[in-house]
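Chain by chain, the residues run as shown.
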Amino acid sequence: MKEIKLGDYRSDVEKLLKYLPWLESKVGSNVSHIYDDNGLSASSVVFPVYDSTLLNFVNEAASTGLMDENYAYVFSQNFIRTIADEKAAIEKATVTDCGILTGILSKYVLGGRTKGRLWTEAVYEGIFLLVLKKMKKLLDIWDSPLA
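Rules and cut-offs
- Residues numbered from 1 in each chain as written.
- Predicted model: local features only at pLDDT ≥ 70, side-chain atom pairs only at ≥ 80, totals over all residues.
- Heavy atoms only, no water.
- Helix = DSSP H or I, 4+ residues; strand = E, 2+ residues; numbered from the N terminus.
- Contact = heavy atoms within 4.5 Å.
- Areas by Shrake-Rupley, 256 points an atom, 1.4 Å probe, with all protein chains shown as cover.
- Salt bridge = Lys/Arg side-chain N within 4 Å of Asp/Glu carboxyl O.
- Buried < 20%, exposed > 50% of the residue type's maximum accessible area, 1.4 Å probe, protein only.
- pLDDT = per-residue confidence, 0-100.
- Phe/Tyr/Trp six-rings, centres within 6.5 Å; stacked < 30°, edge-to-face > 60°.
- Core = buried A, V, L, I, M, F, W, Y, C linked by side-chain atoms within 4.5 Å.
- Axes fitted to C-alpha atoms, helices over the stretch in contact; angles between N-to-C directions.
- Parallel < 35°, antiparallel > 145°, perpendicular 65-115°, else oblique.
- Left-handed = near helix turned anticlockwise from the far one by under 90°.
- Polar contact = N/O pair within 3.5 Å; in protein donor to acceptor, adjacent residues only side chain to side chain.

Asks: Quick one: what's the story with the overall build of the chain, residue by residue and with numbers?
Replies: When helices and strands are counted, the chain shows eight helices and two strands. Helices (α) and strands (β) of the chain occur, in sequence order from the N terminus, as α-α-β-β-α-α-α-α-α-α. Within the chain, residue pairs in contact and separated by at least 24 positions form 72% of the contacts whose partners lie at least 6 positions apart. Element-wise, carbon and sulfur atoms account for 52% of the exposed surface of the chain, whose accessible area totals about 8,200 Å².

What follows is the structure in structure tokens.
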């Protein structure tokens, strides 16, 4: 397994920190809605419309080195099964546990490509927010504080 160093993620985390205020303001809020223009859903397939900031965040996160396509392994190895387990793992994470943080982030960013509810769930439950705050905190401890 590849050794992961927290400092390697500094620039990637810095790119995503600009979304912290938005993520904080959206915890507990729904950031998508079903498109229904003049009753169109009665005769057509419905699809979700996402907040543009959410889409920008997801696209930017997906383009970073924070993504782990083997995130399912992180979940099984660490016995993470529920959102409560995810939040507990984020809370307990230390500088040596950045693989757990990237795994949880990856589940929602990459998994949301096929299960769109994951993106809105991550915002509603504060998962994106908690992961970014924890990464920032750990990087502040590891090196000089981030802006």
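Asks: Describe in detail the pattern of salt bridges, supporting the description with residues and values.
Replies: Throughout the structure, instances matching the rule amount to eight salt bridges. With a shortest N-O distance of 3.3 Å, Glu 24 and Lys 133 are connected by a salt bridge. With a gap of 109 residues between them, Glu 24 in helix 2 (residues 20-26) and Lys 133 in helix 8 (residues 127-142) connect regions that are remote in the sequence. Note that Lys 136 is salt-bridged to Asp 140, the shortest N-O span being 3.0 Å. You can see Lys 136 and its partner Asp 140 sitting in helix 8, four residues apart, about one turn around the helix. Note on Asp 140: relative accessible area 23%, which makes it partly exposed.

Asks: If you had to explain the confidence of the model for the chain to someone new, which residues and values would you point to?
Replies: The predicted coordinates should not be examined in detail at positions where pLDDT is low. Averaged over all residues, the pLDDT of the chain is 87; the fraction at 70 or higher stands at 83%. Within the chain, the element-level pLDDT minimum falls on strand 1 (residues 32-34), averaging 71, and the maximum on helix 5 (residues 83-92), averaging 97.

Asks: For the packing of aromatic side chains, give the residues involved together with the corresponding values.
Replies: According to the stated counting rule, one finds four aromatic pairs in the structure shown. Between Phe 57 and Phe 128, the aromatic rings sit 4.8 Å apart at their centres with planes inclined by 55 degrees, giving tilted as the arrangement. Here Phe 57 is found in helix 3 (residues 52-62), whereas its partner Phe 128 is found in helix 8, with 71 residues between them in sequence. Side by side, Phe 57 and Phe 128 carry an identical accessibility label, which is buried. Connected via pairs of aromatic rings, a cluster forms that spans Tyr 19, Phe 57, Tyr 108 and Phe 128.

Asks: Lay out the nonpolar core in plain terms, naming residues and giving numbers.
Replies: In summary, soluble globular proteins display a tendency toward joint burial of nonpolar side chains. One finds Leu 23, Leu 54, Phe 57, Ile 104 and Phe 128 to be the most contacted residues of the largest nonpolar core, which totals 42 residues. Sequence-distant contacts of Leu 23, that is, excluding residues within four places in its chain, are made with Phe 57, Val 123, Phe 128, Leu 129 and Leu 132.

Asks: Explain the packing of helix 6 (residues 98-111) against helix 8 to me, using residue names and the numbers behind them.
Replies: At a closest axis distance of 10 Å, the pairing of helix 6 and helix 8 adopts a crossing angle of 150 degrees. The orientation of helix 6 with respect to helix 8, classified from their angle, is roughly antiparallel. Note on packing geometry: the crossing formed by helix 6 with helix 8 is left-handed. Listed contacts from helix 8 to Leu 101, Thr 102, Ile 104, Leu 105, Tyr 108 and Val 109 of helix 6 are Ile 127, Phe 128, Val 131, Lys 134, Met 135 and Leu 138.

Asks: Give me the lowdown on the environment of Glu 86, citing residues and values where you can.
Replies: Here Glu 86 shows up in helix 5. Accessibility expressed as a relative area gives 1% for Glu 86, which makes it buried. For the pair formed by Glu 86 and Leu 130, sequence separation is 44 residues and the distance between their alpha carbons is 9.8 Å. In contact with Glu 86, not counting residues within four places along its chain, are Phe 75, Ile 80, Ile 104, Lys 107, Tyr 108 and Ile 127. Engagement of the side chain of Glu 86 in a polar contact is seen with the side chain of Lys 107, the distance being 2.7 Å.

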